[in-house]
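A closer look at the structure
Listed below, chain by chain, are the residues.
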Amino acid sequence: MATVYVDNQPYDMNAGQNLLHACLSQGMDLPYFCWHPAMGSVGACRQCAVKQFKDAEDKRGKLVMACMTPVAEGARISLRDPEAVEFRRAIVEGLMLNHPHDCPVCDEGSECHLQDMTVMTGHDYRRYRFEKRTFRNQYLGPFVNHEMNRCIQCYRCVRFYREYAGGNDLNAFALRNIVFFGREGDGVLESEFAGNLVEVCPTGVFTDATLKRHYTRKWDLQMAPSICVHCGLGCNTTAAERYGMLRRIINRYNGEVNGYFLCDRGRYGYEFVNSEARIRQPLLEGRPATPQAALEILRGLAPGQAIGIGSPRASLESNFALRQLVGPGHFYAGIPGSESRLLKLMLGILRDGPARTPSPRDIENCDAVLVLGEDVAATAPRMALSLRQSVRRQPMQTAERLHIPLWMDHAVREAVQDEKGPLFLATTNTTRIDDIATRAFRGSPDDIARLGFAVADALSGAGPGPALPTEIAAALKAARRPLVISGAGNRSQAIIQAAAAVAHALPGAALAFTAPECNSMGLTLMDAPSLEDALQAEADTLIILENDFYRRLPAPDIDRFLARFHRVIALDHLRTPTTAKAHVVLPAATFAEGDGTLVSSEGRAQRYFQVFVPAEPIRESWLWLGPWANLDEVNAALASALPQLAAATRAAPPATFRIAGAKIPREPHRYSGRTAMLANITVHEPKPPEDPDSALSFTMEGDFEGKPDQPPAALLPFFWAPGWNSIQSVNKFQEEIAGPLRHGDAGVRLIEVGRPSGTAAAGVPPGAPGESPAAGPNGRPTGEWLVVPLYHVFGSEELSRHAPAVAELAPAPYVALNPEDAAGFGPEVELFGARVPVKAAPDLPRGLAGVPAGIPPFAGLDLPAWSRISPPR
């Protein structure tokens, strides 16, 4: 730490940072545009000028840019010096010369960083009366709207898109004194992180195109803290509602998980909540029924009469409620046996294995990575963004040797050029992060497992081996923070065991697994039998919790299974082939309409909260199934029955939590129209709904805004502070800029390392690499291809497929073949009884066929699997 005098007052500041970062960390208001805490300093906008003095006797000083000036012991600066104040005001005036006078109709209005900084600098009158520069806007796809006239040339957009997220189709195009930020021509932005431009841009150049279809000002949105339900990483989000419709999702900062950024699936998949396929009333034999009639059926079940099948996309509380209703011996996990075995293997390795599983923030700090068998960019996109930062760690040592501060972004990039740290990918096909890979190995799942075991052998000093495993082992061994990543994408136990073997042979390595769905790890912790085990169970009634079996197993098997029961009861949000076969259908609340806990692939339990009360009779599944009056009662029972999940009750404070005797408001203090919203029904403002399940209120009253050090991170419904209306207001809620939130980031880890270094990882015999149980390339059945799943960011995940913007980018069914294999067929083939087009995939090994995972008609297949491919009949 260093003592810095700001306007003659001493402050302890981080000596490794710049003055802007340090001043903001102290809670000071200093305007900026081009600087971003995740991307560092470039000194482009000149907005953060301060006066710096040589010593206490210096009365003249000089203007410096705070973002480009390092913190130094004894430094003296002034934010309030008249020359610095006038300089900052003049900079804003210059930026505003060509800015349109359209704040009242701009989508960014009321949460605009430019508005905040203009007010902060004192610029409140325009003297410019001449023609403004104008541009033609571009179509950038279904996620992002473009309004180039609002640009202030801060360069944040291209820095994030190209340098941070690795995209290459957005750029700055300059002609004389004119700069245009966009694509070469109209077209869909190719990066799966393009939606972050909406928050990165300090003005209204890039705005949410999905929100534009049902626009509402920020101050009129009712908001609650939530968790993304579209993969297993557990990214934190803020969900916002108006008039009973979910309007948008934005990033909610969690320093250990998603930081400042979300993937586009997590940001735009929310519209399934508003889908026309929603189930909004109970159905008995296909006809509308009352909630009381449905509840009588559930309450009338005798002990042992029913079996219950849970879901990896349902909350811990809902799965537990079903388990209690049918009895622990009659509860099944609702995932295929192949997936269940993998998840249990991963859980055992993480509990008893060689390394602590890292958070996404930890992954960014790793400096050598091996990815075995998982297309991380498609199954866990936010983790892939962390990997893009990890390949910079080793090259940054060059900047450190040159004494370049790591926050001085363009100087660091100039020093390291295109150098990247070691990242080795072993996958079945091309991925979106191939461009940063040191080596990319393509093979069957068995080939990938063999590579992993060969790397483990090389690390253990087993003697000379093949060149690639030796190169990988050398890079991992030389790293300060090596990392191994794998997952369940290829349904291969051998790959999981190989990943554990590599981590076991590498002291100090981190080991990360991806989980298929938002609560896969939580369901696995409940230790229930698989869906195939349920197929053998005998009972009169079947209860299905938020699960479409036709995405899990082949349709004929599910048809026969459902036909065996006298009564099938299904709870879900959306109409599915499974609910179509149910005798009783109950409308379940989505993540936006209820409360619950999810456990991420890291083993982090996190709470999501109800954003709005849904129309009756929609309710949380745990309310349909259980006798409890509120969420705290469910969690108390869960902690008692399942000690391994007891810590999950600490994911958020209980419903009794108060600040100064009041709940925390979901609505900003400027929230308007509470009477007018229902004027077509009554002119009287109704009483706000009660919330027995959380410490949040459905009102604007409460002691929250302007006092960001008070609410725990898990209960922060939105970020706002006086003078800071944009997403940049998160600065006011952090212990230090880009550090943890005050009182700590949300969530509690349920999985910690339990095995001391030097003992074998679960499922990996000490001293033996193990062998893959599946057939290898030499065991290929005559005339058959090994069909493997190929995951897509948009389309493979179940719920987001119902969001119109996401559906627009989802691929149609296809079969991918190596061009040499495809040469033997025409433009279409028949596979698993379906006629689909052939897609050439040069990186796909010969003998493999790839199909889009989760996309009909291939949803429900247990892949990989051998199959014949034939010309269409």
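Residues numbered from 1 in each chain as written. Predicted model: local features only at pLDDT ≥ 70, side-chain atom pairs only at ≥ 80, totals over all residues. Heavy atoms only, no water.

Considering the overall build of the chain
Assigned secondary structure in the chain consists of 26 helices and 35 strands. Taken over the C-alpha trace, the chain has a radius of gyration of 28 Å; the compact-globule value for 873 residues is 29 Å, and the two agree within 12%. Once the C-alpha set of the chain is aligned to its principal axes, its extents read approximately 85 × 80 × 55 Å. Restricting the contact set of the chain to residue pairs at least 6 apart, pairs at least 24 apart contribute 73%. Split by element, the accessible area of the chain, about 32400 Å² in all, is 52% carbon and sulfur. Between the mean site of the 87 positive side-chain charges and the mean site of the 96 negative ones, the chain shows a separation of 3 Å. (Helix = DSSP H or I, 4+ residues; strand = E, 2+ residues; numbered from the N terminus. Rg over C-alpha atoms; globule rule 2.2 N^0.38 Å. Contact = heavy atoms within 4.5 Å. Areas by Shrake-Rupley, 256 points an atom, 1.4 Å probe, with all protein chains shown as cover. Lys, Arg positive; Asp, Glu negative; His and termini not counted. Charge placed at Lys NZ, Arg CZ, Asp CG, Glu CD.)

Re the environment of Ala 294
Considering the arrangement of structural elements, one finds Ala 294 in helix H8 (residues 291-299). Excluding residues that lie within four positions of it along the chain, Ala 294 makes contacts with Pro 282, Leu 586 and Trp 624.

Topic: helix H16 (residues 445-459)
When the terminal C-alpha atoms of H16 are compared, their 21 Å separation across 15 residues agrees well with the 21 Å that a helix rising 1.5 Å per residue should span. Of all the residues in H16, the buried ones are Pro 445, Asp 446, Ile 448, Ala 449, Leu 451, Gly 452, Phe 453, Val 455, Ala 456 and Leu 459. On its buried face, H16 is in contact with strand E17 (368-372), strand E18 (423-427), strand E19 (439-442), helix H17 (467-478), helix H18 (493-504) and strand E30 (784-790). Once H16 ends, the next one or two residues include Gly 461, with phi positive near 75°. (Expected span 1.5 Å × (residues − 1). Buried < 20%, exposed > 50% of the residue type's maximum accessible area, 1.4 Å probe, protein only.)

Some words on the sheet that holds strand E5 (residues 76-78)
Backbone hydrogen bonds are what pair the strands of a sheet, in a parallel or an antiparallel way. Read across the open sheet, the 5 strands follow the order E2-E1-E5-E3-E4; overall the sheet is mixed. Of all the strands in the sheet, the pair left with one neighbour each is strand E2 (9-13) and strand E4 (62-65). Between one strand axis and the next, the sheet turns through 40° on average, direction left out of account. Two strands pair when backbone bridges link them, and strand E3 (residues 49-53) and E5 are joined in this way by 3 bridges, in the antiparallel orientation. Of the residues in E5, the one forming a bridge with Lys 51 is Ser 78. Its contacts with the sheet place helix H2 (residues 82-95) against E3, E4 and E5, and it is angled at close to 155° to E3. (Pairing = 2+ DSSP bridges. Axes fitted to C-alpha atoms, helices over the stretch in contact; angles between N-to-C directions.)

Re the environment of Arg 280
Locating Arg 280 in the fold gives a position in the loop between helix H7 (264-268) and strand E13 (283-284). In this structure the C-alpha to C-alpha distance between Arg 280 and Ala 589, which are 309 residues apart in sequence, comes to 9.3 Å. In this structure, Arg 280 is in contact with Val 273, Asn 274, Ser 275, Pro 587, Glu 616, Pro 617 and Ile 618, ignoring residues within four places of it in sequence.

Concerning the packing of H16 against H18
Axis separation between H16 and H18 bottoms out at 8 Å; the angle between their running directions is 15°. Relative to H18, H16 is oriented roughly parallel. Along this stretch, H16 crosses H18, giving a crossing that reads as left-handed. Contact residues: Pro 445, Ile 448, Ala 449, Gly 452, Phe 453, Val 455, Ala 456 and Leu 459 in H16; Ala 494, Ile 495, Gln 497, Ala 498, Ala 501 and Val 502 in H18. The class makeup of the residues in the contact of H16 with H18 is 12 nonpolar, 2 polar and no charged. (Parallel < 35°, antiparallel > 145°, perpendicular 65-115°, else oblique. Left-handed = near helix turned anticlockwise from the far one by under 90°. Nonpolar A, V, L, I, M, F, W, Y, C, P; charged D, E, K, R; others polar.)

Quick word on the pairing of strand E32 (residues 828-831)
Judged from the 4 bridges that link them, E32 and strand E33 (residues 834-840) form a sheet pairing that is antiparallel. Opposite Glu 830, over in E33, you have Arg 835 as the bridge partner. Joining the antiparallel neighbours E32 and E33 is a turn of 2 residues, in which Phe 832 adopts a positive phi near 55°.

Some remarks on helix H4 (residues 156-164)
A turn of α-helix holds 3.6 residues, and therefore any two residues three or four places apart point the same way. Where burial is concerned, most of H4 is hidden: 7 out of the 9 residues are buried. Listing the buried residues of H4 in full gives Arg 156, Cys 157, Val 158, Arg 159, Phe 160, Tyr 161 and Tyr 164. Just downstream of H4 lies Gly 166, where phi reads positive at about 80°.

Some points on the sheet that holds strand E11 (residues 236-242)
One open sheet holds the 3 strands; their spatial order is E10-E11-E12, and the pairing between them is antiparallel. Since the sheet does not close on itself, it has two edges, and those belong to strand E10 (222-227) and strand E12 (245-251), each with one partner. Each strand of the sheet is rotated relative to its neighbour by a mean of 30°, with strand direction disregarded. As defined by bridge partners, E11 adjoins E12 across 6 bridges and the pair is classed as antiparallel. Looking across to E12, one finds that Thr 237 is bridged to Asn 251.

Points about the packing of helix H10 (residues 337-352) against H18
Running from amino to carboxyl end, H10 crosses H18 at an angle of 10°, the nearest separation of the two axes being 10 Å. Between H10 and H18, the angle falls in the class roughly parallel. Where H10 approaches H18, its residues Arg 341, Leu 342, Leu 345, Met 346 and Ile 349 are matched on the opposing element by Gln 493, Ile 496, Gln 497 and Ala 500. Here the contact of H10 with H18 is composed, by residue class, of 6 nonpolar, 2 polar and 1 charged.

Quick word on the side chain of Glu 667
Relative to the elements of secondary structure, Glu 667 occurs in the loop between strand E27 (664-665) and strand E28 (696-697). What makes Glu 667 buried here is its relative accessible area of 3%. A distance of 3.3 Å separates the side chain of Glu 667 from the backbone nitrogen of Met 700, its partner in a polar contact. (Polar contact = N/O pair within 3.5 Å; in protein donor to acceptor, adjacent residues only side chain to side chain.)

Describing the environment of Pro 837
By the secondary structure assignment, Pro 837 is in strand E33. With relative accessibility at 36%, the residue Pro 837 sits in the partly exposed group. Separated by 25 residues in the primary sequence, Pro 837 and Ala 812 place their C-alpha atoms 9.1 Å from one another. Not counting the four nearest positions on each side in its chain, Pro 837 is found in contact with Pro 813, Tyr 814, Val 815, Pro 827 and Glu 828.

A closer look at the confidence of the model for the chain
When pLDDT is averaged along the chain, the result is 93, and 96% of the positions lie at 70 or above. Below a pLDDT of 50 lies the segment residues 754-778, which in the model reaches 38 contacts outside its immediate sequence neighbourhood of four places, other chains included. (pLDDT = per-residue confidence, 0-100.)

Focus on the pattern of salt bridges
A full pass over the atoms with the stated rule returns 44 salt bridges. Between Arg 127 and Glu 93 there is a salt bridge; the shortest N-O distance is 2.9 Å. Of this pair, Arg 127 sits in the loop between helix H3 (113-121) and strand E6 (144-146) while Glu 93 sits in helix H2, and the two are 34 residues apart along the sequence. Its relative accessible area of 59% is what places Arg 127 among the exposed residues. With a relative accessible area of 12%, Glu 93 lands in the buried category. When salt bridges with common partners are traced through the structure, they connect Arg 159, Glu 163, Arg 392, Asp 409 and Arg 413 into a single cluster. (Salt bridge = Lys/Arg side-chain N within 4 Å of Asp/Glu carboxyl O.)

Things to note about unusual backbone geometry
Following Glu 616, the chain continues into Pro 617 via a peptide bond in cis, with omega recorded as 10°. Take Pro 617: it is sitting in the loop between strand E26 (604-608) and helix H23 (621-625). Cis geometry is adopted by the peptide bond preceding Pro 857, which originates at Pro 856 and carries an omega value of 10°. When you line up the elements, Pro 857 lands in the loop between strand E34 (848-852) and strand E35 (865-868). One non-glycine residue, Tyr 243, lies in positive phi territory at about 55°. Within the fold, Tyr 243 resides in the loop between E11 and E12.

Some points on the state of the cysteines
Chemically, a disulfide is nothing more than a covalent bond linking the sulfur atoms of two cysteines. Following the criterion strictly, the structure yields 0 disulfides and no others. Left without a disulfide partner, Cys 34 is nearest to the cysteine sulfur of Cys 45, which lies 3.7 Å away. Its relative accessible area of 2% is what places Cys 34 among the buried residues. Cys 231 takes part in no disulfide bond, and the closest cysteine sulfur to it belongs to Cys 228, at a distance of 5.8 Å. (Disulfide = S-S within 2.5 Å.)

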